[in-house]
Amino acid sequence: MSGLNETPSGSRVHIGIFGRRNAGKSSIINAITGQDVAIVSDVKGTTTDPVAKAMELLPLGPVKIFDTPGLDDEGELGHERMRRSLQVLNKSDLALLIVDGTEGLGDLELELIEKFKEKKTPYLVVYNKIDLMDRQVLEAVKAGPKVPTDIYVSAVTGEHIQELKEMIARMAPADEEKFKLVGDLLSPSDLVVLVIPIDKAAPKGRLILPQQQTIRDILESDAMAIMTKEYELRETLESLNRKPRLVITDSQVFAKVSADTPRDVLLTSFSILFARHKGNLEELVKGVKAMERLKDGDTVLISEGCTHHRQCDDIGTVKIPRWIRQNTGKQLEFEFTSGGTFPDDLEKYSMIVHCGGCTLNEKEMKHRIRMAARQNVPITNYGILIAWMQGILRRSLEPFPAIAMCLDDED
């Protein structure tokens, strides 16, 4: 049951820890969490790849902390580690730059601060090892001008660690006013019918994350959620004593659900809701039109935010490529990425089809969409693509009139 009770990874505040080798990044993580989460060693380069850990960080709450390799790593392998470290910045809601207080800021740190600003990422500069600093120098620094993003601490003695935690809590992005998954479409006591197929790809004994989060959002909106399978939808709707406000379906059964849902009932999918919630629904809707321009020999990238056991008829690696080939009649090449992997160079692709991104945080999902836009590569997602191929995209966008108008503009 713990999986149902934990805050999903994509909903946690993502904190990236950056700095040189042996600046004390891992020691700071252990100090602020009160746990031996990261390996600490006097040997430079102990952390060789970004390491993520989900935890509770008081007074902030649920977070995901990324411990990264030192940005001064050397050699070809070191360069690759540095590249992976900087990729963490694409998903970081807050960055901590750990500096050896006995050495101070160098060019590398100043360059990294510019990257924080470029990415519009809030950041703190944490001067560690004040227990080793010359006391006169330290007192002079403390007496000088106060920079609100700087703090001097000791991971060894614990000095100012509590103040650091409080600064993190103040600077981390709060829950801003933004679209909920579905709650802004509902009024108290509305009925929402969720169509959830139960097949061999469904996890045993539980619902998948998008379904869990949607149910929670419906309940928090004081509306009522009714779950049914696709073959029981018609009977479920007939048994209700009033019309539901909305039907939400798994994209794989979009066509059947559309046929069984009365035309005067709004219909959409979990994937489309997540496109609006974490990404850019308008951009993803525009991207699906690239299907009409695909040519023989084009390469399509299919990307998923999570890693999972592949089924024999997996949605991403089997079904979607098959449906695209059938729909376009073209001989196409497909490449696949999953988890935290997403190419920097996208220009070889004629189109990108992304999953709903339920395990990614909003910042990373929007970063991927912006990368595609900058390189003029159309991007869409599973639910939008499936609805478009089945001729029901316009209907599935009716809950979002402004986006439906965008589809008209494209036409």
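Note that the coordinates shown come from a computational prediction; the quantities given were computed from them, not determined experimentally.

A. Fine view of the nonpolar core. Counting residues in hydrophobic clusters, the biggest one holds 74 residues, and the most contacted among them are L281, I324, L346, I384, L385 and L397. Tallying contributions element by element places helix α14 (residues 382–389) first for this core, with seven residues. Among all residues touching L346, those that are not within four sequence positions of it are L301, I352, M371, A372, Q375 and V377. Core analysis: the next-biggest nonpolar cluster, separate from the first, contains 24 residues, I15, I32, V153 and A155 among them.

B. Just the packing of aromatic side chains, in detail. Inspection of every chain in the model, using the stated rule, returns three aromatic pairs. With a centroid separation of 5.8 Å and 55 degrees between ring planes, the pair formed by F18 and F116 is classed as tilted. Taken together, the residues F18 in strand β1 (residues 13–19) and F116 in helix α4 (residues 107–118) connect sequence positions 98 residues apart. Neither residue differs from the other here; F18 and F116 are each classed as buried. On the basis of an interplanar angle of 10 degrees and a centroid distance of 4.4 Å, the ring pair of Y127 and Y152 is categorised as stacked.

C. Local environment of the packing of helix α10 (residues 270–278) against α14. Two elements in contact, α10 and α14, have axes whose closest approach is 7 Å; the angle formed by their N-to-C orientations is 130 degrees. On the basis of the axis angle, α10 is oblique to α14. Two packed elements cross with a definite hand, and for α10 against α14 that hand is left-handed. Counted together, S271, I272 and A275 of α10 and Y382, G383 and I384 of α14 form the full contact between these two elements. Partitioned by chemical class, the residues of the contact of α10 with α14 number four nonpolar, two polar and no charged.

D. Here's a closer look at the sheet that holds β1. The mixed open sheet is built from six strands, whose spatial order is β2-β3-β1-β4-β5-β6. A strand with exactly one partner marks an edge of an open sheet, and here the two such strands are β2 (51–57) and β6 (150–152). Taken over all neighbouring pairs, the strand axes of this sheet differ in orientation by 25 degrees on average, direction set aside. Judged from the five bridges that link them, β1 and strand β4 (residues 94–100) form a sheet pairing that is parallel. Within β4, the position partnered with G19 by the bridge is I98. On the sheet, α4 packs against β1, β4 and β5 (123–128) and is oriented at approximately 170 degrees with respect to β4. This element, helix α6 (residues 161–171), spans β1, β2, β4, β5 and β6 of the sheet and lies at about 170 degrees to β5.

Cut-offs applied
Residues numbered from 1 in each chain as written. Predicted model: local features only at pLDDT ≥ 70, side-chain atom pairs only at ≥ 80, totals over all residues. Heavy atoms only, no water. Core = buried A, V, L, I, M, F, W, Y, C linked by side-chain atoms within 4.5 Å. Buried < 20%, exposed > 50% of the residue type's maximum accessible area, 1.4 Å probe, protein only. Helix = DSSP H or I, 4+ residues; strand = E, 2+ residues; numbered from the N terminus. Contact = heavy atoms within 4.5 Å. Phe/Tyr/Trp six-rings, centres within 6.5 Å; stacked < 30°, edge-to-face > 60°. Axes fitted to C-alpha atoms, helices over the stretch in contact; angles between N-to-C directions. Parallel < 35°, antiparallel > 145°, perpendicular 65-115°, else oblique. Left-handed = near helix turned anticlockwise from the far one by under 90°. Nonpolar A, V, L, I, M, F, W, Y, C, P; charged D, E, K, R; others polar. Pairing = 2+ DSSP bridges.

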